[in-house]
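As a plain string of letters, each chain reads:
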Amino acid sequence: MSPVELDNTPFPWRDGNRFRLLMDGDQFFPAMLGAVAAAESYVLLEMYLMESGTVTDRFIAALCAAADRGVAVSILLDDFGCLRLQRVDRERLQRANISVRYYNRLRYGKLQRNFARDHRKLLLVDGRVAFVGGAGITDEFDPPLHPERRWRETMVVIEGPVVADWHALFRRNWNQMADGDLAPPRVSDLAMGNQRGRVNFSRGILHADIKRTAISRIRHAHYRVWLATAYFVPSMKLRRALRRAVRRGVDVRLLLPGDHTDHPAVRHAGRRFYRRLLHHGVRIFEFQPRFTHSKVLLCDHWASVGSSNLDRWTLRWNLEANQEVDDEAFSDQVQGMLKQDFGHSRERLYSEWTRRPWYRSWKEDFWGWVDIWMERLFRQPPPRRPHE
């Protein structure tokens, strides 16, 4: 089956794939760089965060070496997410004849249109392997001097027919941003395993399939809903789905950041929902060793790993993309990973939460009101994206 090419048409479920989890930058960065080093035909990179530093140096060196070998390298960066990519690094890519495009250039006078960002994270090599998850190409995910501070992140390695759909998704976005069309995928539809998967994507509220799918899976879960997210500011529908799942006897757990976070205000705004969720039996774990940036949802034996945090801001404005897998063996991998993270977390209990003094919760009240104000301010649909 050929990849779907229509912009907002959902991708189908495909059999014959192989999926593997990689935890943290010391695992997924070497694997990604190794795939680039082995590239023979083309490399596609779509990235929200790319900042100058040790990790970016390694990637630029690998991409330039691939281009020197005659490999076609195409890079799509979000213009806001790469603000800290220095000019010298951009020039290195240009001198290597690497095609670089910037999603939704920031401009004065564009107002809300500047909020629309490409939050996806994808590396695709030769149509044979793809890497998808929540990592950016920054030193936060693998700091050279303090590896114990690396952000906790998850990526998935993908092989099989579903790789063609990841190529098609990249190609849609690239062709809308670039002058010339990217070549159609040169990929094989040969089975690489026996696992079933689907590419799911969102384009803000104009196409919110990731949100709809997540809520539907939570509503129909029989025994387990485990959600890991870096930014927990859930919609009313998501909160209701979690509470109702508990009432059905489902084991509902949230893995959220503890004190280590890059956006404390967002954490405080989300914590205002703890009381009611805990009261209804949702178990909440705050990861302690470092910042958890993972975006993983596990419902029974269905799993989703990718770029989407399921927070209201993300779902309103961003381009997102997740790999869904419906496979018991893969869900066992995800379960083991999340259990390990729960073991390094502090569980918040309803009895403890309700006894906190006022000065422990005033930040939640304040940033909660800011969140409400922002939601009301931007409640109207975002304007048509500038590249469409």
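Computed from a prediction, not measured in an experiment: that's the story for all the values here.

1. Remarks on the environment of Ala241
- Along the chain, the position of Ala241 falls in helix α6 (residues 236–247).
- In the structure, Ala241 is positioned 169 residues away from Ala72 in sequence and 45 Å away in space, judged by C-alpha atoms.

2. Focus on the side chain of Asn309
- Its location among the elements puts Asn309 in the loop between β13 (302–306) and α9 (312–317).
- In this structure Asn309 comes out as buried when scored by relative accessible area, which is 3%.
- Reaching out from Asn309, the side chain makes a polar contact with the backbone nitrogen of Ala230 at a distance of 3.3 Å.
- When sequence neighbours within four positions are dropped, the list of residues in contact with Asn309 reads His119, Thr229, Ala230, Tyr231, Lys295 and Thr314.

3. Regarding the nonpolar core
- The biggest cluster of nonpolar side chains holds 44 residues, and the ones touching the most others in it are Val43, Val73, Ile75, Leu77, Ile98 and Phe131.
- Broken down by secondary-structure element, the contributors of at least two residues to this core are α1 (25–37), β2 (42–47), α2 (54–68), β3 (72–78), β4 (99–103), β5 (121–125), β6 (129–133) and β7 (154–159).
- A total of eight residues in this core trace back to one element, the largest contributor, which is α2.
- For Val43, the contacting residues outside a window of four places in its chain are Val36, Leu63, Val71, Ala72, Val73, Ser74, Leu123, Leu124 and Val125.
- With 41 residues, the next largest nonpolar core counts Tyr103, Leu124, Val132 and Phe285 among its residues.

4. Looking at the packing of aromatic side chains
- Tallying each qualifying case throughout the model produces 13 aromatic pairs.
- Ring geometry for Tyr231 and Phe291: centres 6.2 Å apart, planes at 55°, overall tilted. Linking Tyr231 in the loop between β9 (224–228) and α6 with Phe291 in the loop between β11 (283–287) and β12 (296–299), this pair joins segments that are 60 residues apart in sequence. The burial state of Tyr231 is the same as that of Phe291; both residues are buried.
- With a centroid separation of 4.9 Å and 45° between ring planes, the pair formed by Tyr274 and Trp353 is classed as tilted. Placement of Tyr274 in helix α8 (residues 274–279) and of Trp353 in helix α11 (residues 350–353) is noted, with a sequence separation of 79 residues between them. The residues Tyr274 and Trp353 share a single accessibility class, namely buried.

5. Description of the pairing of strand β10 (residues 251–257)
- Buried residues dominate β10, accounting for six of its seven residues.
- Pairing geometry for β9 and β10, over five bridges, is parallel. Bridging from a neighbouring strand, Trp226 pairs with Arg253 of β10.
- For the crossover that starts at β9, traverses α6 and ends in the parallel β10, the hand is right-handed.
- Pairing analysis gives five bridges linking β10 to β11, with the strands arranged parallel. Of the residues in β11, the one forming a bridge with Leu255 is Phe285.

About the criteria used
- Residues numbered from 1 in each chain as written.
- Predicted model: local features only at pLDDT ≥ 70, side-chain atom pairs only at ≥ 80, totals over all residues.
- Heavy atoms only, no water.
- Helix = DSSP H or I, 4+ residues; strand = E, 2+ residues; numbered from the N terminus.
- Buried < 20%, exposed > 50% of the residue type's maximum accessible area, 1.4 Å probe, protein only.
- Polar contact = N/O pair within 3.5 Å; in protein donor to acceptor, adjacent residues only side chain to side chain.
- Contact = heavy atoms within 4.5 Å.
- Core = buried A, V, L, I, M, F, W, Y, C linked by side-chain atoms within 4.5 Å.
- Phe/Tyr/Trp six-rings, centres within 6.5 Å; stacked < 30°, edge-to-face > 60°.
- Pairing = 2+ DSSP bridges.
- Right-handed = clockwise from strand over helix to strand, strands pointing away.

These results come straight from atomic positions and should not be treated as a statement about function.
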